[in-house]
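Residue-level listing of the chains:
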Amino acid sequence: QVQLVESGGGLVQPGGSLRLSCAASMRSFSVYAMAWYRRAPGKQRELVASINPPGRTNYASSVKGRFTISRDNVKNTVDLQMNSLNAEDTAVYYCNAHMGVADYWGQGTQVTVSS
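These lines cover the structure that appears in this document, whether it is placed above or below. Once a new chain begins, its residue numbering starts again from 1 and follows that chain's sequence as written. For a predicted model such as this one, the threshold for reporting local features is a pLDDT of at least 70, and the threshold for listing and counting side-chain atom pairs is 80 or more; totals across whole chains, interfaces and linings nevertheless cover every residue. Neither water nor hydrogens contribute to the side-chain values; these are computed over all heavy atoms in the structure.

### Some details on the nonpolar core
Thinking step 1. Nonpolar core, defined: a set of buried Ala, Val, Leu, Ile, Met, Phe, Trp, Tyr and Cys residues in which side-chain atoms within 4.5 Å join the residues together. The rule is simple: take the accessible area with a 1.4 Å probe, protein chains only, and divide by the maximum for that residue type; under 20% is buried, over 50% is exposed, in between is partly exposed. Ranked by internal contacts, the top residues of the largest apolar core, which has 31 residues, are Met 34, Trp 36, Leu 80, Met 82 and Tyr 93.
Thinking step 2. Each helix is a run of DSSP H or I of at least 4 residues and each strand a run of E of at least 2, with the numbering of both proceeding from the N terminus. Of all the elements in the fold, those that place two or more residues in this core are β3 (18-24), β4 (33-39), β5 (46-51), β7 (67-72), β8 (77-82), β9 (91-99) and β11 (109-113).
Thinking step 3. In what follows, a contact means two residues having at least one pair of non-hydrogen atoms within 4.5 Å. For Met 34, the residues in contact, after removing those within four places along its chain, are Leu 4, Phe 29, Ala 49, Ser 50, Ile 51, Ile 69, Arg 71, Val 78, Cys 95, Asn 96 and Ala 97.

Next comes the structure, spelled out in structure tokens:
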């Protein structure tokens, strides 16, 4: 049973930073494309950032230059460093692992940006 467990969410002031981490339990972690999605209140889930097995990254335009996704294929983790946070970044953030028909999701971690 594959599990993705997110951590690192919380309350942060505008302009602050948070680092999210996702620990994955699958053995073949390195062949999965990993991503972070988010769902803000009243909005649809959206892709925030992704990283493919070779390490190529992709970002939503709203976070480009502020967020950085990275992976550690030894520790089976994928992180999301979030800087210069603003209220529009408030959402539940989800970790996703994808390979072919396999698609796994974490339970999510809440990020709230507020003064």
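### Quick word on the sheet that holds strand β1 (residues 4-7)
Thinking step 1. We treat two strands as partners when DSSP finds at least two bridges between them. Strand order in the open sheet formed by four strands is β1-β3-β8-β7, and the pairing between neighbours is antiparallel. Strands at the two margins of the open sheet, each flanked by one partner only, are β1 and β7. Within the sheet, the average angular offset between the axes of one strand and its neighbour, ignoring direction, is 15 degrees.
Thinking step 2. Sheet topology places β1 next to β3; four bridges connect them, and they run antiparallel. Across the sheet, residue Val 5 finds its bridge partner in β3, namely Ala 23. Only the stretch in contact is used when fitting a helix axis, every axis being a line fitted to C-alpha atoms; angles between N-to-C directions are given from 0 to 180 degrees.

### Topic: the pattern of salt bridges
Thinking step 1. Note on definitions: salt bridges are taken to be side-chain nitrogens of Lys or Arg within 4 Å of carboxyl oxygens of Asp or Glu. The final tally for this structure, using the stated rule, is four salt bridges.
Thinking step 2. We note a salt bridge from Arg 19 to Asp 79, for which the minimum N-O separation is 3.2 Å. Within this pair, whereas Arg 19 is found in strand β3, its partner Asp 79 is found in strand β8, the two being separated by 60 residues in sequence.
Thinking step 3. Here Glu 46 and Arg 38 are joined by a salt bridge, their closest N and O atoms 2.6 Å apart.
Thinking step 4. The class of Glu 46 is partly exposed, set by a relative accessible area of 33%.
Thinking step 5. On the basis of relative accessible area, Arg 38 is assigned to the buried category, the value being 4%.
Thinking step 6. Taken together, the shared-partner salt bridges in this structure form one network comprising Arg 38, Glu 46, Arg 66 and Asp 89.

### Comments concerning the environment of Arg 56
Thinking step 1. Within the secondary structure layout, Arg 56 lies in the loop between β5 and β6 (57-59).
Thinking step 2. Residue Arg 56 is classed as exposed on the basis of its relative accessible area of 67%.
Thinking step 3. Along the sequence, Arg 56 and Ser 21 sit 35 residues apart, while their C-alpha atoms lie 18 Å from each other.
Thinking step 4. Arg 56 has contacts with Ser 50 and Ile 51, leaving out every residue within four places of it along the chain.

### Observations concerning the state of the cysteines
Thinking step 1. Two cysteine sulfur atoms form a disulfide, by the criterion used here, when they sit within 2.5 Å. Evaluation of the coordinates by the stated rule reveals one disulfide.
Thinking step 2. What pairs with Cys 22 in a disulfide is Cys 95, and their sulfur atoms sit 2.1 Å apart. Residues Cys 22 and Cys 95 share a disulfide whose torsion about the S-S bond is about -80 degrees; that sign makes it left-handed. You can see Cys 22 sitting in strand β3 and its partner Cys 95 sitting in strand β9, a full 73 residues away along the chain.

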